[in-house]
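Residue-level listing of the chains:
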Amino acid sequence: MKIRSTTILAVRRDGKLAIAGDGQVTLDKTVVKHGARKVRKVAAGRVLAGFAGSAADGISLLEKFEAKFGEYKDIVRASVELAKDWRQDRALRRLEALLVVGNTEHLFVISGSGDVIEPDEGVAAIGSGGPYAQAAAAALLRNTTLAADEIARKALEIAGEICIYTNDDITVETLP
């Protein structure tokens, strides 16, 4: 059985960052949880992060990112160093999750294949409904004056209307 869980969307606009995540976790064809929380502030509230995939794996990666941030005090360096470790470490390579991390200056999608991707438009999405949420957020970003958190929430609501693996139990965290 395949576990599908959570859509995470990050939006940067006007010096602010919002990361939103829905709460649904699906096991095969059954919703097993409605209120999973996979978006949080890390690094003493200086960075927002969200993960999609296995909860245990995502939390492990968040902890490793936070340690790297503590070591380097720089989101760019911490992201690159985490991706390097994730790709090279035999145990970490088995982790099944993706991360989105950001602050008001940078936003990254980090994967176990060594990817550290900074999106062009300040919108990044991962998880089951990621493409739907990203398309909705890009449209809202280009065609409205909504704030980052409003775009993130509305785009996730739109994704939830399309993607059966995304629900409307939405958590939004913001910086600053």
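Residues numbered from 1 in each chain as written. Predicted model: local features only at pLDDT ≥ 70, side-chain atom pairs only at ≥ 80, totals over all residues. Heavy atoms only, no water.

A. Summary view of the overall build of the chain. Counting its secondary structure elements, the chain contains five helices and twelve strands. For 176 residues, the compact-globule estimate of 2.2 N^0.38 gives 16 Å, and the chain sits close to it at 15 Å. When the backbone C-alpha atoms are referred to their principal axes, the chain occupies close to 40 × 40 × 25 Å. Looking at the chain alone, contacts between residues at least 24 apart form 61% of all its contacts between residues at least 6 apart. In the form shown here, the chain has an accessible surface area of approximately 8,600 Å², with 47% of it arising from carbon and sulfur atoms. Separation between the mean location of the 24 positive side-chain charges and that of the 24 negative ones in the chain comes to 4 Å. (Helix = DSSP H or I, 4+ residues; strand = E, 2+ residues; numbered from the N terminus. Rg over C-alpha atoms; globule rule 2.2 N^0.38 Å. Contact = heavy atoms within 4.5 Å. Areas by Shrake-Rupley, 256 points an atom, 1.4 Å probe, with all protein chains shown as cover. Lys, Arg positive; Asp, Glu negative; His and termini not counted. Charge placed at Lys NZ, Arg CZ, Asp CG, Glu CD.)

B. Inspection of the sheet that holds strand 8 (residues 97-102) at higher detail. One open sheet accounts for five strands, arranged 6-7-8-9-10; its pairing is antiparallel. At either margin of the open sheet sits one strand with a lone partner, and together these are strand 6 (39-42) and strand 10 (116-117). Looking at chain direction, strand 7 (residues 47-53) and strand 8 are connected through six bridges and run antiparallel. Pairing of Leu 48 across the sheet is with Gly 102, part of strand 8. The strands that helix 1 (residues 55-72) touches are strand 6, strand 7 and strand 8; relative to strand 7, the one it contacts most, it runs at about 150 degrees. Strands strand 7, strand 8, strand 9 (107-110) and strand 10 of the sheet are contacted by helix 2 (residues 75-88), whose axis makes an angle of about 5 degrees with strand 9. (Pairing = 2+ DSSP bridges. Axes fitted to C-alpha atoms, helices over the stretch in contact; angles between N-to-C directions.)

C. Layout of the sheet that holds strand 11 (residues 123-127). Taken together, four strands build an open sheet; the order of strands is 11-2-3-12 and the sheet is antiparallel. Sheet topology places strand 11 and strand 12 (171-175) at the edges, where each strand pairs with a single neighbour. Pairs of neighbouring strands in the sheet enclose a mean axial angle of 10 degrees, with direction left out of account. When strand 3 (residues 16-21) meets strand 12, the two strands line up antiparallel, connected through five bridges. By the bridge assignment for strand 12, Gly 21 is matched with Thr 171. Against the sheet, helix 4 (residues 130-143) engages strand 2 (7-13) and strand 11, with an angle of about 20 degrees to strand 2.

D. Focus on the side chain of Asn 103. Along the chain, Asn 103 turns up in the loop between strand 8 and strand 9. Within the local environment of Asn 103, its side chain forms a polar contact with the backbone nitrogen of Glu 105, the two atoms lying 2.8 Å apart. Of note is the side chain of Asn 103, whose polar atom sits 2.7 Å from the backbone nitrogen of His 106. The residues contacting Asn 103, other than those within four sequence positions of it, are Arg 12, Leu 17, Arg 46, Ile 75 and Leu 175. (Polar contact = N/O pair within 3.5 Å; in protein donor to acceptor, adjacent residues only side chain to side chain.)

E. Examining the pairing of strand 8 more closely. Burial analysis of strand 8 places five of its six residues in the buried class, which makes it a mostly covered element. Across four bridges, strand 8 lies against strand 9 in antiparallel orientation. Across the sheet, Gly 102 pairs through a bridge with Leu 107, a residue of strand 9. (Buried < 20%, exposed > 50% of the residue type's maximum accessible area, 1.4 Å probe, protein only.)

F. A look at the nonpolar core. By size, the foremost hydrophobic cluster in this structure holds 21 residues, and its most contacted members are Val 47, Phe 65, Phe 69, Ile 75, Leu 99, Val 101 and Ile 110. Only strand 7, helix 1, helix 2, strand 8 and strand 9 provide two or more residues apiece to this core. Per-element accounting of this core gives the leading share, five residues, to helix 2. When neighbours within four sequence positions are excluded, Ile 110 is seen to be in contact with Ser 79, Leu 82, Ala 83, Trp 86, Leu 98, Leu 99, Val 101 and Asp 115. Among the nonpolar cores identified, the runner-up in size contains 18 residues, and Ala 18, Leu 140, Ile 151 and Ala 159 belong to it. (Core = buried A, V, L, I, M, F, W, Y, C linked by side-chain atoms within 4.5 Å.)

G. Region of interest: the packing of helix 1 against helix 2. Taken N-terminus to C-terminus, the directions of helix 1 and helix 2 make an angle of 130 degrees; their axes are 8 Å apart at the nearest point. One finds that helix 1 runs oblique with respect to helix 2. Our pair here, helix 1 against helix 2, has a crossing hand that is right-handed. Here Leu 61, Lys 64, Phe 65, Lys 68, Phe 69 and Tyr 72 of helix 1 come into contact with helix 2, specifically with Ile 75, Arg 77, Ala 78, Ser 79, Glu 81, Leu 82, Asp 85 and Trp 86. Here the residues of the contact of helix 1 with helix 2 sort into eight nonpolar, one polar and five charged. (Parallel < 35°, antiparallel > 145°, perpendicular 65-115°, else oblique. Left-handed = near helix turned anticlockwise from the far one by under 90°. Nonpolar A, V, L, I, M, F, W, Y, C, P; charged D, E, K, R; others polar.)

Distances and angles like these do not, on their own, reveal function.
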